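# Structural overview for review
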Amino acid sequence: MTEKRRASEIRQVELTDAALRIIASKGIASLSTRRLAEEVGLSTGAIFKHFPSLDALLEALVARVEAVLDATYPDPSLPPLERLERFIETRSSAVGQRLGILRLVLSDQFMLALPAQGSQRLGACVQKTRAFIIECVRAGQAAGEIRADLPAGPLAVLVMGTVQMLALAPSNPDRRIAEPRLIIETLLALLRPLARPPERAETKPRGTPKTSGARTKRVKS
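Reading the values: the criteria
Residues numbered from 1 in each chain as written. Predicted model: local features only at pLDDT ≥ 70, side-chain atom pairs only at ≥ 80, totals over all residues. Heavy atoms only, no water. Axes fitted to C-alpha atoms, helices over the stretch in contact; angles between N-to-C directions. Helix = DSSP H or I, 4+ residues; strand = E, 2+ residues; numbered from the N terminus. Parallel < 35°, antiparallel > 145°, perpendicular 65-115°, else oblique. Left-handed = near helix turned anticlockwise from the far one by under 90°. Contact = heavy atoms within 4.5 Å. Nonpolar A, V, L, I, M, F, W, Y, C, P; charged D, E, K, R; others polar. pLDDT = per-residue confidence, 0-100. Buried < 20%, exposed > 50% of the residue type's maximum accessible area, 1.4 Å probe, protein only. Salt bridge = Lys/Arg side-chain N within 4 Å of Asp/Glu carboxyl O. Arc of directions from axis to C-beta. Core = buried A, V, L, I, M, F, W, Y, C linked by side-chain atoms within 4.5 Å. Expected span 1.5 Å × (residues − 1). Phe/Tyr/Trp six-rings, centres within 6.5 Å; stacked < 30°, edge-to-face > 60°. Lys NZ or Arg CZ within 6 Å of the ring centre and 35° of its normal.

Glancing now at the packing of helix 5 (residues 80–96) against helix 8 (residues 116–143). Where helix 5 contacts helix 8, the two axes come as close as 8 Å, and the packing angle between them is 150°. One element, helix 5, and the other, helix 8, form an angle in the roughly antiparallel class. Every pair of crossing elements has a handedness; the one defined by helix 5 and helix 8 is left-handed. Contacts between helix 5 and helix 8 involve Pro 80, Arg 83, Leu 84, Phe 87 and Arg 91 from the former and Thr 129, Phe 132, Ile 133, Glu 135, Cys 136, Val 137, Ala 139 and Gly 140 from the latter. For the contact of helix 5 with helix 8, the per-class residue count stands at eight nonpolar, two polar and three charged.

This is the structure:
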């Protein structure tokens, strides 16, 4: 790969990330080559050196989303619960830095604004995420790491909701130090099997059991 091609690929990543910032703050309808040029400090002509058209930019944008999301899947050899923990951490961090991803994949309106093939590819990303989480939950249930008294589907929804909430968490450094870890630990505690209460030892009654009620006195005749 030549240095010129590598530099062009790096610039394309920068441009697609800038496009995601525009989508996050202003919506996909505001995404144009002119606004993108303003966002990165280039001329419109420089944008067209990397993307010949807006459709080409949108196609690259979808590919960038796929790459970002695929990079958040952890090592499949990890235990199920640890896999879920790593996934929650990496996915929420990656999406939190590119909130345009959430707007694209969670809104039908944004999905419809993309070319048909792009919408299908992003829809596949959502399905892949859900399938990964459900597989982890089921594997964890089979291994005894995750509670089996609830179905995998609803538990997967809790995980997905936690990822979205963490991605949207406030950017205040003082709050982000403690809160994300606390939230993840709380979710993991909910996913783990319920602890059984200690069994109470049976006690044998001593002597003759007392009869209830007042004793009747014998009256002498």
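Model confidence for the protein chain is summarised by a mean pLDDT of 84, while 82% of its residues fall at 70 or above. The element-level mean pLDDT for the protein chain is lowest in helix 7 (residues 108–112), coming to 75, with helix 5 highest at 96.

Relative to the helices and strands, Ser 119 is located in helix 8. For Ser 119, a relative accessible area of 16% corresponds to the buried category. When near neighbours in sequence (up to four residues on either side) are disregarded, Ser 119 contacts Met 111, Leu 112 and Leu 114.

Another point: the pattern of salt bridges. Summed over all chains, the structure comprises twelve salt bridges. The closest approach of N and O atoms between Glu 89 and Arg 181, which form a salt bridge, is 2.4 Å. In this pair, Glu 89 is assigned in helix 5 and Arg 181 in helix 10 (residues 173–191), connecting sequence segments 92 residues apart. By relative accessible area, which is 29% here, Glu 89 ends up partly exposed.

Next up on the list: helix 2 (residues 33–40). Residues of helix 2 that are buried: Thr 33, Leu 36 and Ala 37. Around the axis of helix 2, the buried residues are gathered within 100° of arc, so they sit on the same side. Residues of helix 2 that are exposed and angled more than 90 degrees away from the buried face: Arg 34 and Glu 38. Count one or two residues on from helix 2 and you reach Gly 41, which has phi positive near 75°.

Take the environment of Phe 110 next. By secondary structure assignment, the location of Phe 110 is in helix 7. Sequence-wise, Phe 110 and Gly 27 are 83 residues apart; in three dimensions their C-alpha atoms are separated by 8.0 Å. Among residues more than four places away in sequence, those in contact with Phe 110 are Gly 27, Ile 28, Arg 103 and Leu 104.

Core analysis: the biggest nonpolar cluster contains 31 residues, and Leu 31, Leu 36, Leu 61, Ile 101, Leu 104 and Leu 122 have the highest contact counts within it. If you list the elements that add at least two residues to this core, you get helix 1 (3–26), helix 2, helix 4 (54–70), helix 5, helix 6 (100–106), helix 7 and helix 8. Those residues in contact with Leu 31, other than ones at most four positions away along the chain, are Ala 19, Ile 22, Ile 23, Leu 54, Leu 57, Leu 58 and Leu 61. Membership of the second largest hydrophobic core comes to 21 residues, among which are Phe 87, Ile 88, Val 163 and Leu 191.

Let's shift gears to the packing of helix 4 against helix 8. Between helix 4 and helix 8, whose axes approach to 10 Å, the crossing angle comes to 10°. Between helix 4 and helix 8, the angle is such that the two are roughly parallel. Within the contact between the two elements, helix 4 uses Glu 59, Val 62, Ala 63, Val 65, Glu 66, Leu 69 and Asp 70 and helix 8 uses Gly 118, Arg 121, Leu 122, Cys 125 and Lys 128.

A few words now on helix 5. The terminal C-alpha atoms of helix 5, which comprises 17 residues, lie 24 Å apart, in line with the 24 Å expected from a rise of 1.5 Å per residue. Every buried residue of helix 5 is accounted for by Pro 80, Leu 81, Arg 83, Leu 84, Phe 87, Ile 88, Arg 91, Ser 92, Ala 94 and Val 95. Summarising the axial view, the buried residues of helix 5 lie within an arc of 165°, below the 170-degree limit, and thus occupy one face.

Here we take up the packing of aromatic side chains. What the rule picks out here adds up to three aromatic pairs. Ring plane angle 50° and centroid distance 5.0 Å describe the contact between Phe 87 and Phe 132, whose orientation is recorded as tilted. Linking Phe 87 in helix 5 with Phe 132 in helix 8, this pair joins segments that are 45 residues apart in sequence. For the residue pair Phe 87 and Phe 132, the accessibility class agrees, reading buried in each case. Of the aromatic side chains, those joined through ring pairs into one cluster are Tyr 73, Phe 87 and Phe 132. The side chain of Arg 91 reaches across the aromatic face of Tyr 73, ending 5.2 Å from its centre.

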